[in-house]
Amino acid sequence: MSSQIILLVLLPFAAGLACYLLRAGFIRALVVMATAVILAAASVVLMAAGPISYSPGPILGLSWDIVVSVLDFALLGVILFYGFKHDNLLIKIFCVLQMFGLLILELFWVDHSAHVPAFHVDQLAAVMVLIISIVGSLICVFALPYMKEHEEHLHLETSRQPRFFLFLVLFLGAMNGLVMANNILWLYFFFEVTTLCSFMLIGHDGTEIAVKNAVRALWMNSAGGLAFVLGMMFTYASVGTLDIQAILASGGAGAGLLVGMGLICFAGFTKAAQVPFQSWLLGAMVAPTPVSALLHSSTMVKAGVYVVLRMAPAYAGSFVSDGVALCGAFTFLACAALAIGQSNGKKILAYSTISNLGLIIACAGINTPAATAAAIFLIIFHAVSKALLFLCVGTIEQRIGSRDIEDMRGLAARMPQTAWITITGILTMLLPPFGVLMAKWLAIESASGQLVVVTMMALGSALTVVYWARWAGTLLAAPGGERPAPEALPALIRLPLLALVAGAVLLSVAAPQVYDLAIAPMLPGMPSPIEAFYLYPLFAVLGVGLLLALRAARRSRATAYSAPYMAGSNLGMAADGTWNGPMNQPVKVEAGNYYLPGLFGEERLTTFVNVAAAALIVLMIGGAL
């Protein structure tokens, strides 16, 4: 299986370089599609193979550990260059401090003669590789026609696609390396590669707002990188090894280890855009849609929750664990509330992502087998549904020129295929017995012994219903009697959308099998929590409801449509409800949603949320001290 590990890490690096150097569009398309197929196949083979540890042999007589150490400093040098280029003091400070810390760790502390396997693929790593390689690859395929139209809209004289696909595809290799890494210095290296990739992709369009948000993402994630270096130093000083499996087995080794774990969890929080670091991910929405989809579903932010979840055994039963649960649950609740006040589709998806990642992190903090099962379920189902929804919003935006959900009113009549795929994606995030809601139920059950955490989870879940139901209803609000117009989608747009929507539904139907294959091996002896969910009876009820709804919709086509009644001031037979307004001017009737900015607006909540979240993080790390 060593060949699969090498392939999953190095192929995306090689394919990214090929996309950059071979400028012809059809060659780039062939490279991306071939890479997608190979990565997906290799990830399935790796999943079936079972646990494996692997260290690559020397290259030109040099140990790969030395090569990675050199690459660490080279990578930090590149990030420092961009700190000077954009004159950002925080990036410069965080980079220099990371270099200094790494220098001390590498030259004076680490015993380089000790053998540490570079990679270890257990069940959690295999599940993450499967998500990255399949969902991430579908996003890269979607990007092929999307970026062509995106650049036509920008009227670019010279295409920037070679550089775009270099970092987009490379991102997949960095993430695969991150989740399979067993040497914590290798984990740190891939962690920083994702930081650089996200910076380059967020700032891809080169506009002032894109560059500003890319720089913000870079300094915030550089702060996380510094916390990671400090966490490694505390951890190594406490347990004397870089081997992640050995670190996890030494849980309860003392205050030094807990401080290290607290700092590494802090690094995971910045990468997962947990409050108060959410602004970098919200700002990333200026990037092309494939970037947003990749960051939110299968790569960047999943790196953050993976690190917190991976290290969970090392801080189990400690104050750090309780702090992680509180921070995650607070983010889940706060960002669900903030999403209600948004009408921008991408921003709703961004807040929803941060919120759900908070729930995963809360499960890691609860640190029981049931909570771990809920966290992994959430990672799987959220990745598929959220990738689908981002790609749908990108498709809609290119067609109607807006990502505001108010402009999507009645989209089922204008873009029926995309609208129904979007509605299905929303339902998989909203309704039982689909996987996301089932995982939330398991998460709430696992938190039953922690009153504050379970209360925040329940309230956040209730708020989630509001913004999803509102969006789905808006898409269906077509004028009465209007027949859906035919919609043509390019094949490479339709294929990822159909694959993801089918995956979101079928994975939920096969949830018991998903648990048995992907999660049960990590939690031996734990009974399947799915059995208590009455999965198939709920699907039967949902199917009956769908059939009744379709029957009612078919009957409604023969119903005469009446315009909204405006107290006798309607103008003639106007079907849109136009009425005689002030100064006898015709006014068209318009419908709109409530967003309650006085309660859920960003201006109202953000400052309080950030201050409260920062206080919780200080308590988490301070408690370890």
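Residues numbered from 1 in each chain as written. Predicted model: local features only at pLDDT ≥ 70, side-chain atom pairs only at ≥ 80, totals over all residues. Heavy atoms only, no water.

### Focus on unusual backbone geometry
Here is step 1: A cis geometry characterises the amide bond from Val275 onward to Pro276, with omega recorded as 10°.
Here is step 2: Within the fold, Pro276 resides in the loop between helix H10 (255–271) and helix H11 (279–283).
Here is step 3: Residues Pro432 and Pro433 are joined by a peptide bond in cis, for which omega reads 5°.
Here is step 4: Looking at the element boundaries, Pro433 is found in the loop between helix H19 (416–430) and helix H20 (435–446). (Helix = DSSP H or I, 4+ residues; strand = E, 2+ residues; numbered from the N terminus.)

### Some words on the packing of helix H5 (residues 123–154) against helix H17 (residues 369–400)
Here is step 1: At a minimum axis separation of 11 Å, H5 and H17 run at an interaxial angle of 0°. Considered as vectors, H5 and H17 are oriented roughly parallel to each other. Of the residues in H17, those touching H5 at Leu124, Val127, Met128, Ile131, Val135, Ile139, Phe142, Tyr146, Glu149 and His150 are Ile376, Ile379, Ile380, Ala383, Val384, Ala387, Leu391, Gly394, Thr395 and Gln398.
Here is step 2: For the contact of H5 with H17, the per-class residue count stands at 15 nonpolar, 4 polar and 1 charged. (Axes fitted to C-alpha atoms, helices over the stretch in contact; angles between N-to-C directions. Parallel < 35°, antiparallel > 145°, perpendicular 65-115°, else oblique. Contact = heavy atoms within 4.5 Å. Nonpolar A, V, L, I, M, F, W, Y, C, P; charged D, E, K, R; others polar.)

### So, the side chain of Ser461
Here is step 1: Tracing the backbone through its elements, the reader meets Ser461 in helix H21 (residues 451–476).
Here is step 2: Engagement of the side chain of Ser461 in a polar contact is seen with the backbone oxygen of Met457, the distance being 2.9 Å.
Here is step 3: Setting aside residues up to four positions removed in sequence, Ser461 forms contacts with Phe332, Lys440 and Ile444. (Polar contact = N/O pair within 3.5 Å; in protein donor to acceptor, adjacent residues only side chain to side chain.)

### Notes on the nonpolar core
Here is step 1: In terms of nonpolar packing, the biggest core is built from 228 residues, with Met180, Ile184, Phe228, Tyr315, Phe377 and Trp471 touching the most fellow members.
Here is step 2: In terms of residue count, H17 provides more of this core than any other element does, 20 residues in total.
Here is step 3: For Tyr315, the contacting residues outside a window of four places in its chain are Leu258, Met261, Cys265, Val308, Val320, Ser321, Val324, Ala364 and Asn367. (Core = buried A, V, L, I, M, F, W, Y, C linked by side-chain atoms within 4.5 Å. Buried < 20%, exposed > 50% of the residue type's maximum accessible area, 1.4 Å probe, protein only.)

### With respect to the pattern of salt bridges
Here is step 1: Applying the stated criterion across every chain, the model contains 5 salt bridges.
Here is step 2: Arg409 serves as the salt-bridge partner of Glu406, at 3.1 Å between the closest nitrogen and oxygen.
Here is step 3: Exposure remark for Arg409: the relative accessible area of 23% places this residue in the partly exposed category. (Salt bridge = Lys/Arg side-chain N within 4 Å of Asp/Glu carboxyl O.)

### Here we look at empty space enclosed by the protein
Here is step 1: Taken as a whole, this structure holds 2 cavities of 30 Å³ or more when the rule is applied.
Here is step 2: Each pocket or cavity is described by its volume, and for the largest cavity that value is around 50 Å³.
Here is step 3: Surrounding the largest cavity, Phe269, Gln274, Val275, Cys327, Phe330, Thr331, Ala613, Leu616 and Ile617 form its lining.
Here is step 4: Those elements giving two or more residues to the lining of the largest cavity turn out to be helix H15 (319–340) and helix H26 (602–624).
Here is step 5: Class assignment for the residues of the lining of the largest cavity results in 7 nonpolar, 2 polar and no charged. (1 Å grid on protein atoms, 1.4 Å probe; cavity = no way out; pocket = protein on both sides within 12 Å on 5 of 7 lines; lining within 4 Å. Points joined across faces, edges and corners; volume = space filled by probe spheres on them.)

### Describing the layout of surface pockets
Here is step 1: For the second largest pocket, the calculated volume is near 650 Å³.
Here is step 2: Along its surface, the second largest pocket is lined by 26 residues, and Leu10, Phe13, Leu71, Phe189 and Phe190 are the ones closest to its centre.
Here is step 3: Secondary structure elements with two or more residues in the lining of the second largest pocket: helix H1 (2–21), helix H3 (64–85), helix H6 (161–180) and helix H7 (184–202).

### Points about the packing of H5 against helix H13 (residues 300–310)
Here is step 1: At a minimum axis distance of 12 Å, the contact between H5 and H13 shows a crossing angle of 170°. With respect to each other, H5 and H13 are oriented roughly antiparallel. Taking contact as the criterion, the partners of Leu124, Ala125 and Met128 in H5 are, on H13, Lys302, Tyr306, Leu309 and Arg310.
Here is step 2: Residues belonging to the contact of H5 with H13 are distributed by class as follows: 5 nonpolar, no polar and 2 charged.

### Quick look at the packing of aromatic side chains
Here is step 1: One pass over the structure, following the stated rule, counts 14 aromatic pairs.
Here is step 2: When the centroid spacing of 5.3 Å and the interplanar angle of 85° are considered together, the rings of Phe164 and Phe165 count as edge-to-face. In terms of burial, Phe164 and Phe165 fall into one category: buried.
Here is step 3: Considering the side-chain rings of Phe434 and Phe539, the 5.6 Å spacing of their centres and the 90° angle between planes classify their relative orientation as edge-to-face. With a gap of 105 residues between them, Phe434 in the loop between H19 and H20 and Phe539 in helix H24 (residues 535–556) connect regions that are remote in the sequence.
Here is step 4: Given a relative accessible area of 7%, Phe434 falls into the buried group.
Here is step 5: Phe539 sits in the buried class, given a relative accessible area of 16%. (Phe/Tyr/Trp six-rings, centres within 6.5 Å; stacked < 30°, edge-to-face > 60°.)

### Some thoughts on the confidence of the model for the protein chain
Here is step 1: Considering every residue of the protein chain, the mean pLDDT works out to 90; 95% of them sit at 70 or more.
Here is step 2: Least confident of the elements in the protein chain is strand S3 (residues 579–580), whose mean pLDDT is 76; most confident is H15, at 96. (pLDDT = per-residue confidence, 0-100.)

### Brief notes about the environment of Ser43
Here is step 1: Here Ser43 is to be found in helix H2 (residues 25–49).
Here is step 2: Ser43 gets classed as buried once you look at its relative accessible area, which sits at 0%.
Here is step 3: Sequence separation between Ser43 and Thr578 is 535 residues, and the spatial gap between their C-alpha atoms is 57 Å.
Here is step 4: Here the side chain of Ser43 touches Ala40 through a polar contact of 2.7 Å, landing on its backbone oxygen.

### Examining a nonpolar patch on the surface
Here is step 1: Residues Ile59, Leu60, Leu62, Ile66 and Val70 make up a contiguous nonpolar surface patch of roughly 510 Å² in combined accessible area.
Here is step 2: Within the element layout of this structure, Val70 appears in helix H3. (Patch = residues over 30% accessible without salt bridge, like charges linked within 9 Å, V, L, I, M, F, W, Y side chains within 5 Å. Areas by Shrake-Rupley, 256 points an atom, 1.4 Å probe, with all protein chains shown as cover.)

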